[in-house]
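Remarks on the overall topology
The chain contents come next:
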Amino acid sequence: AAAHLAAEQEVENLSGLSPNPEKDIFVVRENRTTCLMAEFAAKFIVPYDVWASNYVDLITEQADIPLSRGAEMKGKCGTNESELEISWLEQAYTLKLFFLKEGHNTSRGQEAFWRLSRIQFTYDTSERTYFKDAVSPGKHTASSHRLSALLTPAGKSYECQAQQTISLISSDHQKSVQLLLSEVRVQPFDITADFVFSEEHKCPVDQREQLEETLPLILGLILGLVIVITLCAYHIHHKLTANQVQIPRDRSQYKHMG
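Described in the following lines is the structure provided in the data block. (Residues numbered from 1 in each chain as written. Predicted model: local features only at pLDDT ≥ 70, side-chain atom pairs only at ≥ 80, totals over all residues. Heavy atoms only, no water.)

Looking now at the state of the cysteines. In this structure the tally under the stated criterion is two disulfides. Each disulfide pairs two cysteine sulfurs, and for Cys 35 the partner residue is Cys 77, the sulfurs being separated by 2.0 Å. Disulfide Cys 35-Cys 77: the torsion about the S-S bond is 75°, which places it as right-handed. Pair noted here: Cys 35 is in strand S3 (residues 33-51) and Cys 77 is in the loop between strand S5 (72-76) and strand S6 (81-88), with a separation of 42 residues, a long-range link. Its relative accessible area of 15% is what places Cys 35 among the buried residues. According to the relative accessible area criterion, Cys 77 is buried, its value standing at 15%. Between Cys 160 and Cys 203 runs a disulfide, and the two sulfur atoms are separated by 2.1 Å. Its torsion about the S-S bond being 65°, the disulfide of Cys 160 and Cys 203 is classed as right-handed. Taken together, the positions of Cys 160 in strand S11 (residues 157-160) and Cys 203 in the loop between strand S14 (200-202) and helix H2 (204-243) put the pair 43 residues apart, joining distant regions of the chain. (Disulfide = S-S within 2.5 Å. Helix = DSSP H or I, 4+ residues; strand = E, 2+ residues; numbered from the N terminus. Buried < 20%, exposed > 50% of the residue type's maximum accessible area, 1.4 Å probe, protein only.)

Here you go:
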């Protein structure tokens, strides 16, 4: 148990390696081997109550809370379940990501996939960096409900540059907290090389954007090829017709030949 605990605590925040100041990189290692890697930019949009100017009515304000660089982290790796916990600003904010690997029936038979199965975000409205004069300040927890996100074939990493929004329900009067994820690269299982992601599985939005970017290029190449073929055919036809000897049908024109 002590050895397993030591393995859980072998974690690294490599955010300084990213050129994007809003993106964090986290690595969990067990037995000197990387077992979980996560790289992403995250921001939370959290509604909270403040007093109106008459100090009778309540109005709702909004806190925009980014995931800070240099955050503390914990991690757990398992065969079918993995977990990443990130805390920042003296644990005023804590994000927990839970991953699950399981089998699915497909047209090709039983196949293994992993997914982000649960998200839990704990925040403290008494923290003054992002919350201003919150009513009844204190800690609240926002959680996902029946989440199945980042679905990825086993043995691959998930990649999505586009922004994704995931809704969480808060213990603060069932308010809806929005988690905005972008520039995501995650792999919680089956990492074969230390500090190296496996082959990526792109999200549908990135696949669509990639197609939209390459489609005009493909159409342009096809159009250019058609023009070249047309010009070559015209040139060959023109050359053949120019080399043909025109034999006069009227015998009176023979005297002009030679």
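So much for the structure itself; the text now carries on.
A few words now on unusual backbone geometry. Look at Gln 174: it is not a glycine, yet its phi comes out positive at around 60°. Tracing the backbone through its elements, the reader meets Gln 174 in the loop between strand S12 (164-170) and strand S13 (176-187). We classify Gln 174 as exposed; its relative accessible area is 59%. For Glu 183, which is not glycine, the phi dihedral falls at a positive 50°. With respect to the helices, strands and loops of the structure, Glu 183 is situated in strand S13.

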